[in-house]
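Descriptive analysis of the structure
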2 protein chains.
Amino acid sequence: MTAGTAGTDAIEGSSAAQAPEDTRARLLGTALRLFSEHGVEGTSLQMIADALGVTKAAVYYHFKAKAEITEAVAEPAIRELDAIVDEAATHRRRGAQIDHLLDGFVDVVVRNRVLVALFSSDPGVARALEKTLHGSQTFKSKLMTVLVGPEPDLAAEVTARVTLAGIALAGGDPDLADVDDETLRRHLLDTARRLLGRPRRHPRP
Amino acid sequence: MTAGTAGTDAIEGSSAAQAPEDTRARLLGTALRLFSEHGVEGTSLQMIADALGVTKAAVYYHFKAKAEITEAVAEPAIRELDAIVDEAATHRRRGAQIDHLLDGFVDVVVRNRVLVALFSSDPGVARALEKTLHGSQTFKSKLMTVLVGPEPDLAAEVTARVTLAGIALAGGDPDLADVDDETLRRHLLDTARRLLGRPRRHPRP
DNA sequence: GTCTATAGGCCGATAGAC
DNA sequence: GTCTATCGGCCTATAGAC
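Quantities reported herein were computed from a predicted structural model and do not represent experimental measurements. (Residues numbered from 1 in each chain as written. Chains lettered and ligands numbered in written order. Predicted model: local features only at pLDDT ≥ 70, side-chain atom pairs only at ≥ 80, totals over all residues. Heavy atoms only, no water.)

**Concerning the overall build of chain A**
Note the threshold: Strands are runs of DSSP state E lasting at least two residues, helices are runs of H or I lasting at least four, and both sets are numbered from the N terminus onward. Any two residues having at least one pair of non-hydrogen atoms within 4.5 Å are treated as being in contact.
If you tally the helices and strands in chain A, you get 10 helices and zero strands. Listing every helix and strand of chain A by position from the N terminus yields α-α-α-α-α-α-α-α-α-α. Considering only contacts within chain A whose residues lie at least 6 apart along the sequence, 63% involve residues at least 24 apart.

Next up, the structure:
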């Protein structure tokens, strides 16, 4: 694959030298595909290496541990969510905060369905991610604070947790995989707003 | 099933022999405890064996594979849920069906919080369980049918999935571990009924 | 029927040669 | 940057003691 000029069976591209970023990106893409097919736990480094045409040790050059791969795969979506939470917090009215958060949360979930299904249902991945991002306040509690305030009553807290967990898990549900993004986004947002007492936005025409 | 047709009690009176059921039950209890502490993935057969004071092979005598242990641990709760779905289906009015299902579902979730958190968040366990129970119709789709009918519109389907997933995940959430059963049950049921358009039952006094 | 002793194969991970 | 070689741990399997 490296300097084989005789072979014309190039999988993709034609240049001999691969940019380091490219190998890493290819690895992450392959990992995400295999993770979604077999689960994180069901995907071995050997499988990833074989799919890339390299050895296990080559994979270890790019990532020190398997957990680092799962983190790197999930990181973009997590960063998106994190940014949305911070943006939401800048609004003055609580209603606007909640609206911003729900819009962003549902949007990220829908656009990253496979990924969300993966790391919202895998305790190992979730744990690894919490360690990675920020040392102090976990992403989840930050999200909850914006959603229900610093000291919510139990009813509000339970409702918020049901909402977030439900959106994430239902959004990633394989049974809804053939629903297009726009439609799913509308239904999830509708459900979330109803639960949290936000006024309807999509009055049926 | 053991062929204990002698009519006498299976518990051994003389010597140090233990009833087979007892060892198996102890094993499952220990497994559940370790699973909830370290996760299924984070619990090795060696850890289970050590906690019981036996060897790995002894564990392997009672269960052919680790997956069989996780199935056996989760089975009672699954059977409960399955029975509730069937019971719910016997009601004539749809409202009564939904009520029965929600009451039972929330109750099982709350009473088996640790377990639910475990196998609703572990894709490997969930997959193994689906294979175990019934060959044809999966438990989840049966549940959905009772909840929204055989051919629901997309809005109803999304709402139902958000509800079930949210209840299960929020119910098992460690952050709500110190809420007592009765209180959690009431809040979860309230949220679920609101989402599914069932009238309130707990008007605030 | 219940368990111990032992072994094989795959896993994640590390060290060091090209 | 990628490789070979190797480690200890894991799940699984079998042979055989009591």
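**Description of the domain arrangement of chain A**
For interface size, the figure often reported is the accessible area lost on association. Residue and element names in this part refer to chain A. What counts, and what does not: Domain limits in this description derive from either an automatic procedure or a database domain assignment. When two parts are brought into contact, each loses some accessible area as probed by a 1.4 Å sphere; the total of that loss over both is the buried area. Between N or O atoms, a polar contact is any pair within 3.5 Å; within protein, one atom must be a potential hydrogen donor and the other a potential acceptor, and residues adjacent in sequence are included only when both atoms are from side chains. We call Asp, Glu, Lys and Arg charged. Ala, Val, Leu, Ile, Met, Phe, Trp, Tyr, Cys and Pro are nonpolar, and the rest, Gly among them, are polar.
For chain A, the assigned domains are domain 1 (3–64) and domain 2 (68–195). Domain 1 puts 15 residues into the contact, and the matching count from domain 2 is 10 residues. Approximately 940 Å² of surface area, both sides summed, lies buried where domain 1 meets domain 2, with 84% of it carried by carbon and sulfur atoms. Of all residues in domain 1, the largest losses of buried area upon contact with domain 2 belong to L32, F35 and V40, amounting jointly to 44% of the total for that side. Connecting domain 1 to domain 2 are one residue pair in polar contact (both at pLDDT 80 or more). When contributions to the side of domain 1 that touches domain 2 are tallied by element, the ones reaching two or more residues are α1 (20–38), α2 (45–52) and α3 (56–62). Among the elements that line the side of domain 1 that touches domain 2, the one with the most residues is α1, at seven residues. Class assignment of the residues belonging to the side of domain 1 that touches domain 2 gives a composition of 10 nonpolar, two polar and three charged.

**Quick word on the interface of chain B and chain A**
The following threshold applies: Throughout this description, the term salt bridge denotes a Lys or Arg side-chain nitrogen within 4 Å of a carboxyl oxygen of Asp or Glu.
Facing 29 residues of chain B, the contacting portion of chain A comprises 30 residues. Together chain B and chain A conceal approximately 2,600 Å² of surface at their shared face, both sides included; 66% is due to carbon and sulfur atoms. In this assembly, chain B and chain A are joined by eight salt bridges. Between K140 of chain B and D175 of chain A there is a salt bridge; the shortest N-O distance is 3.7 Å. Elements with a minimum of two residues in the side of chain B that touches chain A: α7 (123–132), α9 (154–171) and α10 (181–195) of chain B. Considering every element that reaches the side of chain B that touches chain A, the biggest residue donor is α9 of chain B, with 12 residues. Looking at the side of chain B that touches chain A, its residues break down into 14 nonpolar, six polar and nine charged.

**Examining helix α8 (residues 139–148) of chain B**
All names here are of chain B. Rules: The buried label goes to any residue with under 20% of its type's maximum accessible area, the exposed label to any with over 50%, and the partly exposed label to all in between, with areas taken from a 1.4 Å probe on protein chains only.
All of the buried residues along α8 are K142, L143, M144, V146, L147 and V148. Looking at the buried positions of α8, the neighbouring elements they touch are α4 (66–90), α5 (94–111) and α9. Backbone geometry just downstream of α8 places G149 in the positive-phi region, at approximately 85 degrees.

**Considering the side chain of D190 of chain B**
Structurally, D190 of chain B can be placed in helix α10. Side chain to side chain, D190 of chain B and R200 of chain B meet in a polar contact 3.3 Å long.

**Focus: the relation of the copies chain B and chain A**
To be explicit about the condition: Copies are brought into register by a least-squares superposition over C-alpha atoms of residues with pLDDT of at least 70 in both.
The transform that puts chain B on chain A rotates by 179 degrees and translates by 0.2 Å along the axis, for an RMSD of 0.2 Å. Given the turn and translation reported, the copies of this chain are related as if by a two-fold rotation axis. The C-alpha atom lying nearest the rotation axis in chain B is that of G166 of chain B; the distance is 1.8 Å. When you check the interface residues of chain B against chain A, 97% turn up at the interface there too, and the contact is symmetric in its surfaces.

**Observations concerning the packing of α5 of chain B against α10 of chain B**
Residue and element names in this part refer to chain B. The line we're drawing: Angles here are taken between N-to-C directions and fall from 0 to 180 degrees, while the axes themselves are lines fitted to C-alpha atoms, restricted in helices to the stretch in contact. Every angle not falling under 35 degrees, over 145, or within 65 to 115 is termed oblique; those three ranges are roughly parallel, roughly antiparallel and roughly perpendicular. Here is the rule for handedness: rotate from the far helix to the near one, and if that takes an anticlockwise turn smaller than a right angle the crossing is left-handed, while a clockwise turn gives right-handed.
With their axes 9 Å apart at the nearest point, α5 and α10 run at an angle of 140 degrees to one another. As the angle between them shows, α5 and α10 are arranged oblique. As for how α5 packs across α10, the hand of that crossing is right-handed. Contacts from D99, L102, D103, V106, D107, V110 and R111 in α5 reach D181, L184, R185, L188, L189, A192 and R193 in α10. Partitioned by chemical class, the residues of the contact of α5 with α10 number seven nonpolar, no polar and seven charged.

**As for the pattern of salt bridges**
Residue and element names in this part refer to chain A. Counted according to the given criterion, the structure contains 36 salt bridges over all chains. Note that R198 is salt-bridged to D99, the shortest N-O span being 2.8 Å. Within this pair, whereas R198 is found in the segment after α10 (181–195), its partner D99 is found in helix α5 (residues 94–111), the two being separated by 99 residues in sequence. A salt bridge links R200 to D190; the shortest N-O distance between them is 3.2 Å. Linking R200 in the segment after α10 with D190 in helix α10, this pair joins segments that are 10 residues apart in sequence. We classify R200 as exposed; its relative accessible area is 57%. On the accessibility criterion, D190 (18% relative accessible area) is buried.

**Notes on the environment of A89 of chain B**
Residue and element names in this part refer to chain B. Among the structural elements, A89 can be located in helix α4. Take A89: its relative accessible area is 44%, and that puts it in the partly exposed class. Along the backbone, A89 and K64 are 25 residues apart, and their C-alpha atoms lie at a distance of 35 Å. With residues near it in sequence (within four places) discarded, A89 still touches Q97 and V146.

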